[in-house]
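Summary of the model geometry
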Amino acid sequence: AQSVSQHNHHVILSEAASLELGCNYSYGGTVNLFWYVQYPGQHLQLLLKYFSGDPLVKGIKGFEAEFIKSKFSFNLRKPSVQWSDTAEYFCAVLGGTYKYIFGTGTRLKVLA
Amino acid sequence: EAGVTQFPSHSVIEKGQTVTLRCDPISGHDNLYWYRRVMGKEIKFLLHFVKESKQDESGMPNNRFLAERTGGTYSTLKVQPAELEDSGVYFCASSQNLQGDYGYTFGSGTRLTVV
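Residues numbered from 1 in each chain as written. Chains lettered and ligands numbered in written order. Predicted model: local features only at pLDDT ≥ 70, side-chain atom pairs only at ≥ 80, totals over all residues. Heavy atoms only, no water.

Thoughts on the overall build of chain B
- On a plain count of helices and strands, chain B comes out with zero helices and eleven strands.
- Sequence-ordered secondary structure for chain B, helices as α and strands as β, is β-β-β-β-β-β-β-β-β-β-β.
- Relative to a compact globule of 115 residues, whose C-alpha radius of gyration would be 13 Å, chain B shows 13 Å and is just as compact.
- Within chain B, the proportion of its 115 residues that are buried is 46%.
- Sequence-distant contacts in chain B: of pairs separated by 6 or more residues, those separated by 24 or more amount to 52%.
- Counting only carbon and sulfur atoms, one obtains 47% of the accessible surface of chain B, whose full area is about 5600 Å².
- Charge separation in chain B, taken as the distance between the mean sites of 12 positive and 13 negative side-chain charges, equals 5 Å. (Helix = DSSP H or I, 4+ residues; strand = E, 2+ residues; numbered from the N terminus. Rg over C-alpha atoms; globule rule 2.2 N^0.38 Å. Buried < 20%, exposed > 50% of the residue type's maximum accessible area, 1.4 Å probe, protein only. Contact = heavy atoms within 4.5 Å. Areas by Shrake-Rupley, 256 points an atom, 1.4 Å probe, with all protein chains shown as cover. Lys, Arg positive; Asp, Glu negative; His and termini not counted. Charge placed at Lys NZ, Arg CZ, Asp CG, Glu CD.)

A look at the environment of Gly53(A)
All names here are of chain A.
- Structurally, Gly53 is set in the loop between strand 6 (44–50) and strand 7 (56–58).
- For Gly53, a relative accessible area of 55% translates into the label exposed.
- Distance in space between the C-alpha atoms of Gly53 and Phe74 is 14 Å, their sequence separation being 21 residues.

Examining the pairing of strand 6 of chain A
Residues and elements named next belong to chain A.
- By the criterion of burial, strand 6 is predominantly enclosed, with five of the seven residues buried.
- In the sheet, strand 5 (residues 32–38) pairs with strand 6 via six bridges, with the strands oriented antiparallel. Residue pairing across strands places Leu33 opposite Tyr50, the latter belonging to strand 6.
- Taking the residues that link successive antiparallel strands as the turn, the strand 5-strand 6 hairpin has five residues, and the phi of Gly41 there is positive, at about 75 degrees. (Pairing = 2+ DSSP bridges.)

Examining unusual backbone geometry
All names here are of chain B.
- Along the chain, Phe7 connects to Pro8 via a cis peptide bond; the corresponding omega equals 0 degrees.
- Backbone torsion omega between Gln80 and Pro81 reads -10 degrees, so that peptide bond is classified as cis.
- One can find Pro81 in the loop between strand 8 (75–79) and strand 9 (88–95).

Next comes the structure, spelled out in structure tokens:
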């Protein structure tokens, strides 16, 4: 069965620190990969997505993610976080169907 | 454009009561999805409408859950009777195309607490 693992459930960083959130998926076929973010009190928003092509994907607000097929990974990165990045981040896979398979989410807290 | 609207945003009900959640998708989006997140767990698929038809309800937990989408516009998700394990955040999403290639647009969710 398809699954998505997010390794860190809670991350606390100081402003300007670098961020990397891990995401691994299990699916044998072609996948579409996504990162969503939910800011406090808001709806889930699409940060970035990967379908094909350049495995390094750039999204909104300075986020990027790298698809490494051999490792079944799609880690999210940001060189320098801001207090406003405090949110919950979800990795998700669309693998052959229209149903998202989500990870359990990572709560990021950025200290000012 | 207006986003996906869900209400209520919060609902607290007693075990055995009935609750109805509503979702208004983005106008023109034929595809409407319901997902649920139980505390601390992943967000899980419940069901998918294309217009007014249920395409896939394989994620519905049991027959206490009933979803409708009359006229292919807004959708309701009714839980009757509610049980403690139904507590969680219920998300609705809509998309123009089936594959969600451009991502879905999610609502803010309804936090349901069954006590």
